[in-house]
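For reference, the chains in residue letters:
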Amino acid sequence: MTNTPKTIFISTGDVSGDLQGALLVKALKQLAEKSGIDLNIVALGGSKMAAAGATILADTTYISSIGVWEARAYLRPSLQARNLGKQYLKTNPPDAIVLIDYVDPNIGIGKYVRSIFPNLPIFFYIAPQDWVWPRKHKRAKLIVSFIDEIFSVFPAEAKYFAEQGAKTKFVGHPLIDRIATLASRETARDKLGITDGEIAVALIPASRQQELTYILPNIFEAARQIQAKLPNVRFWIPLSRPDFKEEIESQIQAYQINANLVTENADLVLSAVDFAITKCGTVSLELALLNIPQVVIYRVSKVTAWIAKNVVKFSIPYMSPTNLVEMKSIVPELMQDEANPDRIAQESLELILNQERRDRMLADYSQMRAALGDRGVCDRVATEILAKL
């Protein structure tokens, strides 16, 4: 390889997208340095990607919602970020583009790039979960029309997109790499000051603004009920976004729960706790890979829930990525009306106190882990991308 300068444009959004993007940026930078490539990475992303070495055009970690109704507030900033990316690409065509999750904005960017640069390599990494959703073949076909290759993180995802006509490769899930970098359970508990006599429970209510409204109150009220039954319980809350700090602190006081909000090295919480109550998302899979028993919560507004049920005819087997890997009910998923404080507390107490249930979940975790591939995921993806420049 030569020292010819190369530029890769990466587009992603949400807190989890920023995390996945950062892992890839780090791998790309390290491999490029070893290969003698002068590599520049420009991105729509967040602070983690910036820390890994990317130049961020717009912070998209705050532009995220679930549901049609909730998305209204983010339409303008999402369009602004997308247009900023398009303007950059038009005047500064890169050597390759990597789209990570962030489905609708990335479809817009992908179609635009393909229309003006027919030969520019475009890769999708962590593709939309259309293999789970019914009646999504049209969107999958659209993605296939402008993409060069999909790097799949789930085996079922690779199979599905290959059937839709995409060139796809199963690379494994990047969280396998991330988990290997986290502190051990013993180190994490020592740094947080967790004693042997207490039950440490993680509360993970939100990485999106809407989740502060629809999920946090139910999780905190459930925590209050658990605390009444288990005096030696202590709750740990890893802060996902700095702008959530004030609201979460006020709610800790309002619900009078024995909780610590961890703002620095928040990942320690994931490694240290005995149990977790979490909103649905990537963090559920992180907890599973760390062998933390959990209950997963999913709630949206009543308007969105009604649209999903009566208009979209929303119906999928599972929501949590932990369950999607094996298409099996490994962790309890409480959705919408079922995600009420009484039910959350009931399911949580059962898993905290019933060793047989915990052991069964841990055995299922082990089976699920085997399906996610080997370590070195980001290195494999980086190798594929740089080889095609």
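See the structure shown above.
Read on for an overview of the structure.

Cut-offs applied
- Residues numbered from 1 in each chain as written.
- Predicted model: local features only at pLDDT ≥ 70, side-chain atom pairs only at ≥ 80, totals over all residues.
- Heavy atoms only, no water.
- Salt bridge = Lys/Arg side-chain N within 4 Å of Asp/Glu carboxyl O.
- Buried < 20%, exposed > 50% of the residue type's maximum accessible area, 1.4 Å probe, protein only.
- Core = buried A, V, L, I, M, F, W, Y, C linked by side-chain atoms within 4.5 Å.
- Helix = DSSP H or I, 4+ residues; strand = E, 2+ residues; numbered from the N terminus.
- Contact = heavy atoms within 4.5 Å.
- Pairing = 2+ DSSP bridges.
- Axes fitted to C-alpha atoms, helices over the stretch in contact; angles between N-to-C directions.
- Right-handed = clockwise from strand over helix to strand, strands pointing away.
- Parallel < 35°, antiparallel > 145°, perpendicular 65-115°, else oblique.
- Left-handed = near helix turned anticlockwise from the far one by under 90°.
- Nonpolar A, V, L, I, M, F, W, Y, C, P; charged D, E, K, R; others polar.

**A short note on the pattern of salt bridges**
Next up, step 1: Counted by the stated rule, this structure contains 21 salt bridges.
Next up, step 2: One salt bridge in this structure joins E211 and R208, with 3.4 Å as the shortest N-O distance.
Next up, step 3: Residue E211 is classed as buried on the basis of its relative accessible area, which comes to 2%.
Next up, step 4: Of the charged contacts in the structure, one is a salt bridge between R343 and E338, with a shortest N-O distance of 3.8 Å.
Next up, step 5: One network of salt bridges, in which partners are shared, links E149, K167, K169, E384 and K388.

**A word on the nonpolar core**
Next up, step 1: Residues I10, L28, Y125, L203, F220 and I248 are the most contacted members of the largest nonpolar core, which totals 137 residues.
Next up, step 2: When residues of this core are assigned to their parent elements, the largest contribution, 7 residues, is made by helix 1 (residues 14-35).
Next up, step 3: What L28 contacts, discounting residues up to four positions off in sequence, is I8, I10, L39, I41, A382, I385 and L386.

**Some words on the pairing of strand 3 (residues 55-59)**
Next up, step 1: The sheet contact formed by strand 2 (residues 39-45) and strand 3 spans 4 bridges and is parallel. Paired with V42 across the strands is T55, a residue of strand 3.

**Here we look at the sheet that holds strand 12 (residues 294-298)**
Next up, step 1: Here 6 strands make up an open sheet; going across it, the order is 10-9-8-11-12-13 and the pairing parallel. The open sheet has two edge strands, strand 10 (259-262) and strand 13 (333-335), and neither has a second partner. Averaged over all pairs of adjacent strands, the angle between strand axes in this sheet comes to 20°, irrespective of strand direction.

**Some points on the environment of Q20**
Next up, step 1: Structurally, Q20 can be placed in helix 1.
Next up, step 2: Linking Q20 and T322, residues 302 residues apart in sequence, is a C-alpha distance of 17 Å.
Next up, step 3: Beyond its immediate stretch of four places on either side in the chain, Q20 contacts I100, I126, H173, P174, L175 and T282.

**Notes on the side chain of T12**
Next up, step 1: Within the fold, T12 resides in the loop between strand 1 (6-11) and helix 1.
Next up, step 2: Other than its neighbours up to four places away in sequence, T12 contacts G17, D18, L44, G45, M49, T60, I100, Y102 and N106.

**With respect to the pairing of strand 12**
The side chains of a regular strand alternate, first on one face of the sheet and then on the other.
Next up, step 1: Burial analysis of strand 12 places 5 of its 5 residues in the buried class, the great majority of the element.
Next up, step 2: A two-sided burial pattern is seen for strand 12, the buried positions comprising Q294, V296 and Y298 on one face and V295 and I297 on the other.
Next up, step 3: Alignment of strand 11 (residues 275-279) against strand 12, held across 4 bridges, turns out to be parallel. The residue bridging K279 from the neighbouring strand is I297, located in strand 12.
Next up, step 4: As a crossover connection, the stretch from strand 11 through helix 14 (residues 282-289) into strand 12 is right-handed.
Next up, step 5: As judged from the 3 bridges shared by strand 12 and strand 13, these two strands associate in the parallel manner. When the bridges of strand 13 are listed, Y298 appears paired with M335.

**Observations regarding the environment of P5**
Next up, step 1: Following the sequence through the fold, P5 ends up in the segment before strand 1.
Next up, step 2: Note on P5: relative accessible area 56%, which makes it exposed.
Next up, step 3: Along the chain, P5 and N40 lie 35 residues apart, while their C-alpha atoms are 7.5 Å from each other.

**Things to note about unusual backbone geometry**
Next up, step 1: At I126, a position not held by glycine, the phi torsion is positive, near 65°.
Next up, step 2: On the secondary structure map, I126 appears in the loop between strand 5 (122-125) and helix 6 (137-146).
Next up, step 3: Phi is positive for Q336, close to 50°, though the residue is something other than glycine.
Next up, step 4: By the element assignment, Q336 lies in the loop between strand 13 and helix 17 (341-353).

**Digging into the packing of helix 4 (residues 75-91) against helix 5 (residues 103-116)**
Next up, step 1: It is the contact of helix 4 with helix 5, at a shortest axis distance of 10 Å, that shows an interaxial angle of 25°. One finds that helix 4 runs roughly parallel with respect to helix 5. Here helix 4 runs over helix 5; the crossing is right-handed. Along its contact with helix 4, which presents S78, R82, K86, L89 and K90, the element helix 5 presents D104, P105, G108, I109, Y112, V113 and I116.
Next up, step 2: Tallied by class, residues from the contact of helix 4 with helix 5 come to 6 nonpolar, 2 polar and 4 charged.

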